[in-house]
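Structure at a glance
What follows is each chain in one-letter form.
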Amino acid sequence: MSTSRIRVPEVLTVAELVRYGPLGKARALVNGNIDQQVSAVTLVSELDQVRQCQPNSAVVVHHAAAHGIWAVESALRLAWERTASCVVAPAGVAETRSTVLLAERLRLPLFVVDQDPAGYALELAAAIASPEAARAQLTSRCAVLFGERSTPRGIVGVINAEVPGVSVALRTEDGHPLVGQATATRSGSRQVRVAVPGPDGRPWAVLVAKLAVWSPSWAEVVQTILRLARAPLAASVARSRLLLAQQAARERLLLERLLGRGAGKAADAGNGEDDQATEDAEQAAAELGWRLDGGQVAVFLRPATDDADVEAATPGVLATWREAFPEQPLVPLGRGWVSWWTGEQADCPAVAATLRRHLDRPTGPVPLAAGVGARGEALGGLRRSLGEAELAAAMAIRGGAGAVELFEELGPRVVLACLPTAEVAAVAEVALAGLIGGADGPALVATLGALLDCGGSTGQAAERLGLHRNTVRARLERIRAAGIDLDAPEQRLAVHLASYAWLSAPTRHGAN
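Residues numbered from 1 in each chain as written. Predicted model: local features only at pLDDT ≥ 70, side-chain atom pairs only at ≥ 80, totals over all residues. Heavy atoms only, no water.

- The name given to the protein chain in an unreviewed UniProt entry is PucR-like helix-turn-helix protein, with the source organism recorded as Amycolatopsis cihanbeyliensis.
- UniProt annotates the protein chain under Sequence similarities (unreviewed entry) with the comment "Belongs to the CdaR family." (UniProt positions renumbered as here; feature names shortened; annotations may be inferred.)

Structure, rendered in structure tokens:
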């Protein structure tokens, strides 16, 4: 809750009296500027009595004072001079065009009632004397409406529609807006904030409400309403994630059938049943809007961190993807998620550039890296492109979050994607123990790898490492002193793989 507070009397506003008080029974001729508070009621039987009303009063004009051509207009002007909150007049006498225009110009709410003004003034006075009753009614109504809404937009919309003088937005903890009114999240005073947990109980979002009028009791009422909204919001998110997970599971099975993977294998048609299964799968894909004809460029997304739970992250990744690329499918498969661009959009460099722009602004549950396959034709080309994209993604994750690799640019290096890096790195810890064991072991292994990558050229290795050539030469002498001979053909391949795996392993020490 904001610490900047302006204390004002604990009273209702005109808007609250309209929605949950006696003003709800009146007809509004002018209902602008209704966030003003109402602290008193003044019943006037003579127009001069308006001059005695208190600021923030509701001025009720009795029939006795409403006679005369300009009686209500005069009451409006006097009420405006006394900074009254609204004027209530008998029905019929105030319903002229000139009266309405004057009230609009003065920005003074004007209501008319059919009942006796004196009795109406008593009802208003009773409501103003007991604001808790109206606010309890407001809270109760919001609780009932929350139960009738099933989406975050609907739940936040209840608050914006029912709670007078309050604009509310739901945003993530890092400030990303989800639903609601953007004005609510602008910095300033008169804000109430309530944290909203996700289905797993961990922090998920924040409800931010901006109050047009501040008072401690009103802020407490708004905070209570926001707290009431937390459980329905968590339930709606859980429901949404469950639906996403179910849909993702169905689409994964369908894609596996199309690709000839898993239990639903149907691509290698060898009999009539398989042919029918393939036709059914292609029909189901067409119903989902998947294009399987023409040019195809597959994309494979993988978590950039080894500890990421693909299954748990799937709903969030799918939601983020659909927000960025509503026309592109994304299906969980194996250790990541698969998408593909079709037709004229199937241009590998363009797809890679689009992915880099998206992955550079991580908003999903896990950081991602991506591989892009070469362009293929129709379903067979998509199968091949997907296999290439998966290999390229295995290389991309070594570049960290946001990295994108194109299969066509990797060339033979893609073989390294199949290397069991962790296992080879464990062996390298033993084979290169004399090099790794020292304080500057990581730097020596990095230098060893750069020298082998550069065919033994100290100049190129120095440029790659950003070091002086003499530094590289000094490190080379120490590498040789550790028993590693770069000129020995029988050692070179093994040492190269060992240094590469050890430098690529996620648990290695940092090297320069």
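Here the narrative resumes.
**A few points about the sheet that holds strand 9 (residues 177-180)**
- Taken in spatial order, the four strands of this open sheet run 9-8-11-10, and their pairing is antiparallel. What marks the edges here is a single partner per strand, and that holds for strand 9 and strand 10 (191-197). Geometrically, the sheet is characterised by an average inter-axis angle of 20° between neighbouring strands, direction not taken into account.
- Pairing geometry for strand 8 (residues 166-172) and strand 11 (residues 203-211), over seven bridges, is antiparallel. (Pairing = 2+ DSSP bridges. Helix = DSSP H or I, 4+ residues; strand = E, 2+ residues; numbered from the N terminus. Axes fitted to C-alpha atoms, helices over the stretch in contact; angles between N-to-C directions.)

**Description of the nonpolar core**
- With 50 residues, the main nonpolar core has Leu23, Val163, Leu170, Leu207, Leu211, Val222 and Leu226 as its most contacted residues.
- For this core, the element with the highest residue contribution is helix 7 (residues 216-259), accounting for nine residues.
- Each of domain 1 (12-129) and domain 2 (132-238) gives at least three residues to this core.
- In contact with leucine 207, not counting residues within four places along its chain, are Val156, Val168, Ala169, Leu170, Val192, Arg193, Val194, Val196, Leu226, Ala229 and Leu233.
- One finds Cys348, Val351, Leu359 and Val372 within the second-largest nonpolar core, a separate group that totals 26 residues. (Core = buried A, V, L, I, M, F, W, Y, C linked by side-chain atoms within 4.5 Å. Buried < 20%, exposed > 50% of the residue type's maximum accessible area, 1.4 Å probe, protein only. Domains from an automatic or database assignment. Contact = heavy atoms within 4.5 Å.)

**Overview of the side chain of threonine 99**
- Positionally, threonine 99 belongs in helix 3 (residues 97-106).
- In contact with threonine 99, not counting residues within four places along its chain, are Val72, Glu73, Leu76, Ala94 and Leu110.

**Thoughts on the pattern of salt bridges**
- Per the stated rule, a full pass over the model turns up twelve salt bridges.
- Two residues, aspartate 453 and arginine 464, come together in a salt bridge whose shortest N-O distance is 2.7 Å. One end of the pair, aspartate 453, is in helix 15 (residues 441-453); the other, arginine 464, is in helix 16 (residues 458-465), and eleven residues separate them in sequence.
- Classification of arginine 464 as exposed rests on a relative accessible area of 51%.
- When salt bridges with common partners are traced through the structure, they connect Glu477, Arg480 and Asp487 into a single cluster. (Salt bridge = Lys/Arg side-chain N within 4 Å of Asp/Glu carboxyl O.)

**Points about empty space enclosed by the protein**
- In this structure the tally under the stated criterion is two cavities of 30 Å³ or more.
- What lines the second largest cavity is simply Thr13, Glu16, Asp35, Pro164, Gly165, Ala212, Val213 and Trp218.
- Residues that form the lining of the second largest cavity fall into these classes: four nonpolar, two polar and two charged.
- Residue contributions to the lining of the second largest cavity reach at least three from each of two domains, namely domain 1 (12-129) and domain 2 (132-238). (1 Å grid on protein atoms, 1.4 Å probe; cavity = no way out; pocket = protein on both sides within 12 Å on 5 of 7 lines; lining within 4 Å. Points joined across faces, edges and corners; volume = space filled by probe spheres on them. Nonpolar A, V, L, I, M, F, W, Y, C, P; charged D, E, K, R; others polar.)

**A short note on the sheet that holds strand 5 (residues 57-61)**
- One open sheet holds the five strands; their spatial order is 2-7-6-5-4, and the pairing between them is mixed. Looking at which strands have only one partner, the edges of the open sheet turn out to be strand 2 (27-30) and strand 4 (40-44). Geometrically, the sheet is characterised by an average inter-axis angle of 25° between neighbouring strands, direction not taken into account.
- Judged from the three bridges that link them, strand 5 and strand 6 (residues 86-90) form a sheet pairing that is parallel. Residue valine 59 lies in a different strand from strand 6, and its bridge partner there is valine 87.
- Seen against the sheet, helix 2 (residues 71-81) touches strand 5, strand 6 and strand 7 (110-113) and runs at an angle of roughly 160° to strand 6.
- This element, helix 3, spans strand 2 and strand 7 of the sheet and lies at about 70° to strand 2.

**A word on the UniProt feature "domain: PucR C-terminal helix-turn-helix" (unreviewed entry) in the protein chain**
- Sites flagged by UniProt as "domain: PucR C-terminal helix-turn-helix" (unreviewed entry) map to residues 444-498.
- Measuring from the first to the last C-alpha atom of residues 444-498 gives 13 Å, for a span that is 75% helix and 0% strand.

**What to know about the packing of helix 16 against helix 17 (residues 469-481)**
- Close contact between helix 16 and helix 17 brings their axes to 8 Å; oriented N to C, the two are set at 110°. Compared by their axis directions, helix 16 and helix 17 come out roughly perpendicular. Relative to helix 17, the crossing made by helix 16 is right-handed. Contacts from Thr458, Gly459, Ala461 and Ala462 of helix 16 reach helix 17 at Arg469, Val472, Arg473 and Leu476. (Parallel < 35°, antiparallel > 145°, perpendicular 65-115°, else oblique. Left-handed = near helix turned anticlockwise from the far one by under 90°.)

**Notes on the pairing of strand 12 (residues 295-303)**
- Counting buried residues along strand 12, nine of its nine residues qualify, which places the element largely inside the surrounding structure.
- What you see with strand 12 is no split at all: Gly295, Val297, Val299, Leu301 and Pro303 on one side and Gln296, Ala298, Phe300 and Arg302 on the other are buried throughout.
- One ladder, built from two bridges, connects strand 12 with strand 16 (residues 376-377); its direction is antiparallel. When the sheet's bridge partners are listed, glutamine 296 is paired in strand 16 with glycine 376.
- One ladder, built from six bridges, connects strand 12 with strand 14 (residues 336-342); its direction is antiparallel. Considered in strand 14, the bridge of phenylalanine 300 is made with valine 338.
- With five bridges connecting them, strand 12 and strand 15 (residues 368-372) associate as antiparallel partners.

**Here's the deal with the environment of valine 213**
- Secondary-structure assignment places valine 213 in the loop between strand 11 and helix 7.
- Along the backbone, valine 213 and threonine 13 are 200 residues apart, and their C-alpha atoms lie at a distance of 8.6 Å.
- Ignoring anything within four residues of it in the chain, the contact list for valine 213 reads Asp35, Gln37, Arg190 and Trp218.

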